[in-house]
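Coordinate analysis (summary)
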Amino acid sequence: MKEKTKGLLARDINFNYWREDTEGFLTNFLVIIALSFPVIELIAVMCGHNHIFMAPLLRIFGVVGFVILLAIFLKNKNHSFCISDLFLLLSVLFTVISVVFSKSKLITFTGAAENHAEDPFQVLGYFVIFFMATHIASYDNRKKLIIAILIVAVLNNIPAILQHLQLWPFEVMAEEPFNPAFGLTLHFNFYGAISVMFSAISGMVFMMKKTKHIIAWYVAALLCFVAAMFSGSRLTWVGLAASFGFVIVLELYYKLKGIESILSAKRYVLLVISFAVICVLLIVFDDIIVSQIVETTKELE
């Protein structure tokens with residue numbers, strides 16, 4: 001079935017992976033997952049119990065989600081095999097093999113918490129979430145997911161900015177001298193990873209030609225970028241650079257295929273210049289970038 005969609009969320013989709021009612025159910029399930037983590041973590045932080053619910057939540061969503069997918073596949077006898085099915089099956093298979101041949105089953109299933117490692121059920125949660133989200137085809141359902149992600153961004157970015165400015169009234173992870181922001185995650189590298197997604201999504205929406213409320217999206221993109229830089233994660237720098245590189249590759253693809261671009265080149269340039277100005281300001285008035293450059297230089301010596 002061919003569904004006409006709008007903007008960056010999709011173009012013409014010739015194949016719907018899920019039935020319409022199934023996709024709607026899975027979209028709501030994903031929205032619940034996305035919002036549960038920051039909301040429950042924020043409540044836990046305010047009650048003085050940092051990071052005790054995130055891992056159990058991920059395990060629950062992983063197991064429940066896998067059971068839901070299994071039930072859908074068993075119920076749908078006419079399911080068409082896709083490459084993504086193979087990816088999910090192989091991911092689960094490799095996880096099982098890793099567990100079987102691990103030297104310490106205790107560490108495998110407890111996740112070696114002191115090193116922020118994760119157990120197989122948490123890994124299953126990632127597989128299930130990625131698999132479900134990849135196959136959401138409807139414009140309205142994708143819009144729901146984007147809105148949910150933006151709400152998660154707000155809930156994480158505000159604490160992150162306050163943490164780096166030392167204005168966060170609750171317990172912070174002061175393990176580094178440059179006050180890295182970690183939002184409502186377990187570690188500043190974890191926050192850096194999701195903040196790249198926040199920055200990329202807000203930036204891409206701002207660059208879309210048909211986007212309304214341009215100023216609001218521009219401000220959102222800048223705030224997401226600042227919060228990402230406050231994480232102090234060098235992997236964040238790589239991720240942000242890669243997101244800009246992705247736009248160039250996307251534009252080249254459109255040009256080679258003769259497809260009209262949905263992005264504004266002027267807004268792309270404006271965003272690059274704005275982000276560069278923010279980096280200069282952080283170098284001059286903050287130590288978050290300089291300290292990491294110094295640390296990298298020491299590591300390379």
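Above this text sits the structure in question.
Definitions and limits used
- Residues numbered from 1 in each chain as written.
- Predicted model: local features only at pLDDT ≥ 70, side-chain atom pairs only at ≥ 80, totals over all residues.
- Heavy atoms only, no water.
- 1 Å grid on protein atoms, 1.4 Å probe; cavity = no way out; pocket = protein on both sides within 12 Å on 5 of 7 lines; lining within 4 Å.
- Points joined across faces, edges and corners; volume = space filled by probe spheres on them.
- Helix = DSSP H or I, 4+ residues; strand = E, 2+ residues; numbered from the N terminus.
- Buried < 20%, exposed > 50% of the residue type's maximum accessible area, 1.4 Å probe, protein only.
- Contact = heavy atoms within 4.5 Å.
- Axes fitted to C-alpha atoms, helices over the stretch in contact; angles between N-to-C directions.
- Parallel < 35°, antiparallel > 145°, perpendicular 65-115°, else oblique.
- Left-handed = near helix turned anticlockwise from the far one by under 90°.
- Nonpolar A, V, L, I, M, F, W, Y, C, P; charged D, E, K, R; others polar.
- Core = buried A, V, L, I, M, F, W, Y, C linked by side-chain atoms within 4.5 Å.
- Polar contact = N/O pair within 3.5 Å; in protein donor to acceptor, adjacent residues only side chain to side chain.
- Patch = residues over 30% accessible without salt bridge, like charges linked within 9 Å, V, L, I, M, F, W, Y side chains within 5 Å.
- Areas by Shrake-Rupley, 256 points an atom, 1.4 Å probe, with all protein chains shown as cover.
- Salt bridge = Lys/Arg side-chain N within 4 Å of Asp/Glu carboxyl O.
- Phe/Tyr/Trp six-rings, centres within 6.5 Å; stacked < 30°, edge-to-face > 60°.

1. What to know about empty space enclosed by the protein
Applying the stated rule across the entire model yields 1 cavity of 30 Å³ or more. One number sums up the size of the largest cavity: a volume of about 70 Å³. Elements with a contribution of two residues or more to the lining of the largest cavity: α7 (188–207), α9 (234–257) and α10 (265–285). Ranked by the residues each element gives to the lining of the largest cavity, the list is headed by α7, at 5 residues.

2. Here's the deal with the environment of Phe127
In this fold, Phe127 is placed in helix α5 (residues 120–134). Judged by its relative accessible area of 18%, Phe127 is buried. It is 9.6 Å that separates the C-alpha atoms of Phe127 and Leu89, two residues lying 38 residues apart in sequence. Excluding residues that lie within four positions of it along the chain, Phe127 makes contacts with Leu88, Ser91, Val92 and Thr95.

3. Focus on the packing of α9 against α10
The geometry of a pair of packed helices is captured by two quantities: the angle between their axes and the separation between those axes. At a minimum axis separation of 12 Å, α9 and α10 run at an interaxial angle of 165 degrees. Here α9 lies roughly antiparallel to α10, going by the angle between them. Helix-helix and strand crossings are classified by hand; for α9 and α10 the assignment is left-handed. Here Phe244, Val247 and Ile248 of α9 come into contact with α10, specifically with Tyr268, Val272 and Phe275. Its residues assigned to classes, the contact of α9 with α10 shows 6 nonpolar, no polar and no charged.

4. What about the nonpolar core?
Core analysis: the biggest nonpolar cluster contains 33 residues, and Met207, Leu263, Phe275, Ile278 and Leu282 have the highest contact counts within it. Going through the elements one at a time, α7, α8 (214–230), α9, α10 and α11 (288–300) are the ones with two or more residues in this core.

5. Re the side chain of His187
Positionally, His187 belongs in the loop between α6 (139–164) and α7. For His187, a relative accessible area of 11% translates into the label buried. Only 3.0 Å separates the side chain of His187 from the backbone nitrogen of Asn189, close enough to count as a polar contact.

6. Quick look at the side chain of Ser231
Here Ser231 shows up in the loop between α8 and α9. Among the polar contacts listed, one links the side chain of Ser231 to the backbone oxygen of Ala228, at a separation of 2.6 Å.

7. Some words on unusual backbone geometry
Of note in this structure, Gln166 is not a glycine but carries a positive phi near 60 degrees. Phi is positive for His213, which is not a glycine, with a value near 55 degrees.

8. Section: the environment of Ala242
Residue position: Ala242 is located in helix α9. Take Ala242: its relative accessible area is 47%, and that puts it in the partly exposed class. Along the backbone, Ala242 and Val196 are 46 residues apart, and their C-alpha atoms lie at a distance of 9.7 Å.

9. A closer look at a nonpolar patch on the surface
Together, Val269, Ile273, Val277, Val280, Leu281, Ile283, Val284, Phe285, Val290 and Val294 line one region of the surface with nonpolar side chains, adding up to about 910 Å² of accessible area. Listed by contribution, the elements that provide at least two residues to the nonpolar patch are α10 and α11. Ranked by residues supplied to the nonpolar patch, first place goes to α10 with 8 residues. Here Val294 lies in helix α11. Residue Val294 is classed as partly exposed on the basis of its relative accessible area of 41%.

10. Thoughts on the packing of aromatic side chains
In total, this model carries 10 aromatic pairs according to the counting rule given. With 5.8 Å between their ring centres and 70 degrees between their planes, Phe244 and Tyr268 make a pair best called edge-to-face. Placement of the pair is Phe244 in helix α9 and Tyr268 in helix α10, with a sequence separation of 24 residues. For Phe244, a relative accessible area of 18% puts it in the buried group. One aromatic cluster in this structure is built from Phe225, Phe244, Tyr268 and Phe275.

Read these as geometric descriptors, not functional statements.
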